[in-house]
Amino acid sequence: MQSFSPPHRSDEAEKPFWISYADLMTALMILFLVIMVAALAAISRQTEELVKRSQRGELQQPVVALKPKDPEIAKTELRFQEITEICNLLSEKASAVNPNLNIDCKLNRINFGEVGRFRTDEYRMNEQGTEALGQIVPIILETAGTPMGQKWLKQIVIEGYTDTDGSYLYNLNLSLKRSEWVMCTLLSHDSTNAIQFSSEQRKQIKKLFLAGGVAFNNTRDSKDASRRVELRLQFYGQSDERQSSADYELKFDDNSKERCML
């Protein structure tokens, strides 16, 4: 008997066009690399051409339109810059005459270091502190007379401080006495006084300086350091009015009959 065998399909018909999925990915990657190389070559040629044209002066500079700064912001920035210049000028001059004088341009304060401390329950500065006071005040007056100083420097507040011992009202009175003593010393007509100013300088001091008590609202690390006096710089704002009139000036005339009430 003759055996029956089923027909077989050709091997060629069973093979796909792509042998495997991996071969397909490899081909796509090669195609991508070819495209990238061609693109980079084109960019390189364009860059070289732009460089050559720029060297020949054939390219025009791009015009950048800057947004104008707000006028109020510009004024505020200018005020801050000029006030900083005033403070830095004071600091440089103060350091040159007395290393104990320290001007903090961030807080706008002048302190006298250890020589500006007071003994417990006393309101008079010691000899070294008085000497430092006599050195810094002429520098302040000179700076206040400059165009920049006249523009921005409004007032110097004399602030007295105490430690935390005693009642609030007692310390308030003591701190006020300390600031008043500084003002009285600056305005004294006594020829034996350690600090001597001219009549015109005393007039300037009256216009510029102000005595104010502070009590113990700003204590330091120790009680000794807390018993002190500081000068606080105040500056005009953008819209502040500057007082200047004949009647206003008369308030600050130098009067040799004035006496301190301490």
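Residues numbered from 1 in each chain as written. Predicted model: local features only at pLDDT ≥ 70, side-chain atom pairs only at ≥ 80, totals over all residues. Heavy atoms only, no water.

Visitor: Tell me about the nonpolar core, and name the residues and values.
Guide: One finds Phe112, Ile136, Val137, Ile140, Ile205, Phe209 and Leu231 to be the most contacted residues of the largest nonpolar core, which totals 41 residues. Sorting the residues of this core by element identifies helix H3 (71-97), helix H4 (127-144), strand S3 (153-160), helix H6 (168-187), helix H7 (199-208) and strand S5 (229-235) as the ones contributing at least two each. Among the elements that make up this core, the one with the highest residue count is H4 (8 residues). (Core = buried A, V, L, I, M, F, W, Y, C linked by side-chain atoms within 4.5 Å. Buried < 20%, exposed > 50% of the residue type's maximum accessible area, 1.4 Å probe, protein only. Helix = DSSP H or I, 4+ residues; strand = E, 2+ residues; numbered from the N terminus.)

Visitor: Describe the packing of H6 against H7, naming the residues involved and giving the relevant values.
Guide: Running from N to C, H6 and H7 point in directions that differ by 155 degrees, and their axes come no closer than 9 Å. The angle between H6 and H7 falls in the class roughly antiparallel. Here H6 contributes Met183, Leu186 and Leu187 to the contact with H7, which in turn contributes Arg202, Ile205 and Lys206. Looking at the contact of H6 with H7 residue by residue, the classes come out as 4 nonpolar, no polar and 2 charged. (Axes fitted to C-alpha atoms, helices over the stretch in contact; angles between N-to-C directions. Parallel < 35°, antiparallel > 145°, perpendicular 65-115°, else oblique. Contact = heavy atoms within 4.5 Å. Nonpolar A, V, L, I, M, F, W, Y, C, P; charged D, E, K, R; others polar.)

Visitor: Tell me about the pattern of salt bridges, and name the residues and values.
Guide: If you walk through the whole model with that rule in mind, you get 12 salt bridges. A salt bridge links aspartate 254 to arginine 202, with the shortest nitrogen-to-oxygen separation between them at 3.0 Å. Of this pair, aspartate 254 sits in the segment after helix H9 (246-250) while arginine 202 sits in helix H7, and the two are 52 residues apart along the sequence. On the accessibility criterion, aspartate 254 (25% relative accessible area) is partly exposed. Accessibility expressed as a relative area gives 9% for arginine 202, which makes it buried. A salt bridge links aspartate 224 to arginine 227, with the nearest nitrogen and oxygen atoms 2.4 Å apart. Salt bridges sharing common partners tie together Arg109, Glu159, Arg228, Glu230 and Arg232. (Salt bridge = Lys/Arg side-chain N within 4 Å of Asp/Glu carboxyl O.)

Visitor: Go over unusual backbone geometry, please, and point to the residues and values.
Guide: Of note in this structure, asparagine 108 is not a glycine but carries a positive phi near 55 degrees. Mapped onto the elements, asparagine 108 comes out in the loop between strand S1 (102-104) and strand S2 (109-111). Non-glycine residue aspartate 121 carries a positive phi angle of around 70 degrees. Within the secondary structure, aspartate 121 is located in the loop between S2 and H4. Its relative accessible area of 48% is what places aspartate 121 among the partly exposed residues.

Visitor: Give a detailed account of the packing of H3 against H4, specifying residues and quantitative values.
Guide: For the pair H3 and H4, interaxial distance at closest approach is 10 Å and the crossing angle is 150 degrees. The angle between H3 and H4 falls in the class roughly antiparallel. The two elements H3 and H4 cross, and the hand of that crossing is right-handed. Mapping the contact onto sequence places Ile86, Leu89, Leu90, Lys93, Ala94 and Val97 in H3 and Gln135, Ile136, Ile139, Ile140, Glu142 and Thr143 in H4. Of the residues contributing to the contact of H3 with H4, the split by class is 8 nonpolar, 2 polar and 2 charged. (Left-handed = near helix turned anticlockwise from the far one by under 90°.)

Visitor: Provide a residue-level description of the sheet that holds S3, including the pertinent values.
Guide: Reading across the sheet, the 5 strands line up as S1-S2-S5-S3-S4 and stay open at both edges, with mixed pairing between neighbours. Either end of the sheet is taken by a strand with one partner, and the two such strands are S1 and strand S4 (209-213). Taken over all neighbouring pairs, the strand axes of this sheet differ in orientation by 25 degrees on average, direction set aside. Strand direction decides the pairing type here: S2 and S5, joined by 3 bridges, are antiparallel. Within the sheet, the bridge partner assigned to asparagine 111 lies in S5 and is glutamate 230. Here H4 sits on the sheet and contacts S1, S2, S3, S4 and S5; the angle it forms with S4, its principal contact strand, is near 125 degrees. Contacts between H7 and the sheet are confined to S3 and S4, with S4 contributing the most and set at about 50 degrees to the helix. (Pairing = 2+ DSSP bridges.)

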